[in-house]
Amino acid sequence: TGRPSMTALESLILAYLNAEGYIYDGQTSVASIFILDLQTGEEINIQGDVAYTAASTIKIGIMLDIFREIDREINRDEAFLMANSMLCSNNSSSNTLMEIYLGEGVIFSGLASVTNNFQYIGAENTYLTAPLVDGSANQQFGSIAAPETNPNPNFDTDSDPFNQTTAEDMGSTLSLIYDCAEYGSGLMAIYPNGEYTQNECRQMIELMSANDLERLLQAGLPSDARIAHKNGWLPADLTQGITGAMTGDAGIVYSPNGNDYIISIYLWEAGDTTGFNRWELVEEISRATWNYFNPETP
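Source: prediction; values computed, not measured.

1. A short note on the packing of aromatic side chains
- Within this structure, the stated rule accounts for 10 aromatic pairs.
- Ring centres 4.4 Å apart and planes at 10 degrees place the aromatic pair Tyr261 and Phe293 in the stacked group. Linking Tyr261 in strand β8 (residues 261-270) with Phe293 in helix α9 (residues 279-293), this pair joins segments that are 32 residues apart in sequence. Each member of the pair, Tyr261 as well as Phe293, is classed as buried.
- Among the aromatic residues, those joined into a cluster by ring pairs are Tyr120, Tyr191 and Tyr196.

Okay, here's the thing in structure tokens:
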């Protein structure tokens, strides 16, 4: 292919963060970057095992579990709720999916289902143990026990104790959906009894491809490039004890030349900040990665 090795891309990313004055392995700022070459299996894993608040990226797991649980065509009501959850990032729709379709009327059963599925497919540092805050006056709170996890102990991003993931977990999860959609492996190999079909995995990718934020990972790609992704962010809120800002985006990128790849980036920075000032870091890392996999159409 004439491409340099993935090590060259990794060095470029670290040099870029350094040039921007962003300390990726600091006490008050942390970056995690997981990139997987879907053709060769080669990966870049920069602190991919650090725990972050998952924010709305956890909704990938809700979608995943709905397709596992419902063994027929998704109906219009379910499709509407899933589009609301994944594309509008509506927390109330996400909670309804867990309560009605996964929990048979009990949201805590739905939360356990989503979490157990993440754990079962190997996303061992990922869980959702409390309902997402939907802003309604009468929302029921409470939580289930979190599973045993083993994230990198050297970094503390003040992650949400009820909603956590890592860059590597989200990237690996997307690779399982991709392998299922493209080759009938991935999720279909982990669940061999028809819980997932190739068509269902393609539907999940179609849904995530409609996420058209035009920022974060997407901003680093040509405007006509296809990316199936879910983003999430959480500004600092010192009144709520949220001491820093988290920005996350994880996606499958389809290259015109067939060099498809996964890219998953999570950033955290302490201080009373929105984190929006750091979106450009995600965008430029995304651009560098696209150019690495698509040297003929940079």
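2. Remarks on the state of the cysteines
- Applying the stated criterion across every chain, the model contains 1 disulfide.
- With a sulfur-sulfur separation of 2.0 Å, Cys180 is cross-linked through a disulfide to Cys201. Measuring handedness by torsion sign, the sulfur bridge of Cys180 and Cys201 sits at about 85 degrees and is right-handed. On the criterion of sequence distance, the pair formed by Cys180 in helix α6 (residues 167-183) and Cys201 in helix α8 (residues 198-209) is long-range, its members being 21 residues apart.

3. Let's talk about the pairing of strand β2 (residues 43-46)
- Burial along β2 is one-sided: Ile44 and Ile46 are buried, and none of Glu43 and Asn45, which face the opposite way, are.
- Sheet topology note: the strand β1 (residues 29-37)/β2 ladder contains 4 bridges and is antiparallel. Note on β2: the bridge partner recorded for Ile33 is Ile46.
- If you look at the hairpin formed by β1 and β2, you'll find 5 residues sitting between the two strands, and Gly41 has a positive phi there, around 80 degrees.

4. Comments concerning the sheet that holds β8
- As summarised here, the arrangement of the 5 strands in space is β2-β1-β8-β7-β6, forming an open sheet in which the pairing is antiparallel. Of all strands in the sheet, those with a lone pairing partner are β2 and β6 (226-234), marking the two edges. Strand-to-strand twist of the sheet, defined as the mean angle between neighbouring strand axes without regard to direction, takes the value 5 degrees.
- Bridging between β1 and β8 involves 9 bridges; their strand directions are antiparallel. The residue of β8 that forms the bridge with Val30 is Trp268.
- Packing of α6 onto the sheet brings it into contact with β1, β2, β7 (244-254) and β8, and relative to β8 it is tilted by some 160 degrees.

5. Description of the sheet that holds strand β5 (residues 163-165)
- A sheet is described by the order of its strands in space; here 3 strands give the open sequence β3-β5-β4, paired in antiparallel fashion. This sheet does not close on itself; its edge strands, each paired only once, are β3 (52-53) and β4 (127-128).
- When β4 meets β5, the two strands line up antiparallel, connected through 2 bridges. The residue bridging Leu128 from the neighbouring strand is Asn163, located in β5.

6. So, the packing of helix α3 (residues 76-86) against helix α4 (residues 91-102)
- Where α3 meets α4, the axes come as close as 8 Å, and the angle between the chain directions of the two elements is 140 degrees. One finds that α3 runs oblique with respect to α4. Facing α3, whose interface residues are Asp77, Glu78, Leu81, Met82, Asn84 and Ser85, α4 presents Ser93, Ser94, Thr96, Leu97 and Tyr101.
- Residues belonging to the contact of α3 with α4 are distributed by class as follows: 4 nonpolar, 5 polar and 2 charged.

7. Details of the pattern of salt bridges
- In the structure shown here, the tally under the stated rule is 7 salt bridges.
- A salt bridge links Glu78 to Arg72; its shortest N-O distance comes to 2.7 Å.
- Between Glu206 and Arg226 there is a salt bridge, and its shortest N-O distance comes to 3.0 Å. With Glu206 in helix α8 and Arg226 in strand β6, this residue pair connects regions lying 20 residues apart in the sequence.
- Connected through shared salt-bridge partners, Asp65, Arg68 and Glu69 make up one network.

8. Examining the environment of Leu217
- With respect to the secondary-structure elements, Leu217 resides in the loop between α8 and β6.
- For Leu217, a relative accessible area of 0% gives the class buried.
- Here the alpha-carbon distance between Leu217 and Ile265, two residues 48 residues apart in the chain, equals 8.5 Å.
- Beyond its immediate sequence surroundings of up to four residues, Leu217 is in contact with Ile227, Asp249, Ala250, Gly251, Ile263, Ile265, Val282 and Ser286.

Calculation rules
- Residues numbered from 1 in each chain as written.
- Predicted model: local features only at pLDDT ≥ 70, side-chain atom pairs only at ≥ 80, totals over all residues.
- Heavy atoms only, no water.
- Phe/Tyr/Trp six-rings, centres within 6.5 Å; stacked < 30°, edge-to-face > 60°.
- Helix = DSSP H or I, 4+ residues; strand = E, 2+ residues; numbered from the N terminus.
- Buried < 20%, exposed > 50% of the residue type's maximum accessible area, 1.4 Å probe, protein only.
- Disulfide = S-S within 2.5 Å.
- Pairing = 2+ DSSP bridges.
- Axes fitted to C-alpha atoms, helices over the stretch in contact; angles between N-to-C directions.
- Contact = heavy atoms within 4.5 Å.
- Parallel < 35°, antiparallel > 145°, perpendicular 65-115°, else oblique.
- Nonpolar A, V, L, I, M, F, W, Y, C, P; charged D, E, K, R; others polar.
- Salt bridge = Lys/Arg side-chain N within 4 Å of Asp/Glu carboxyl O.

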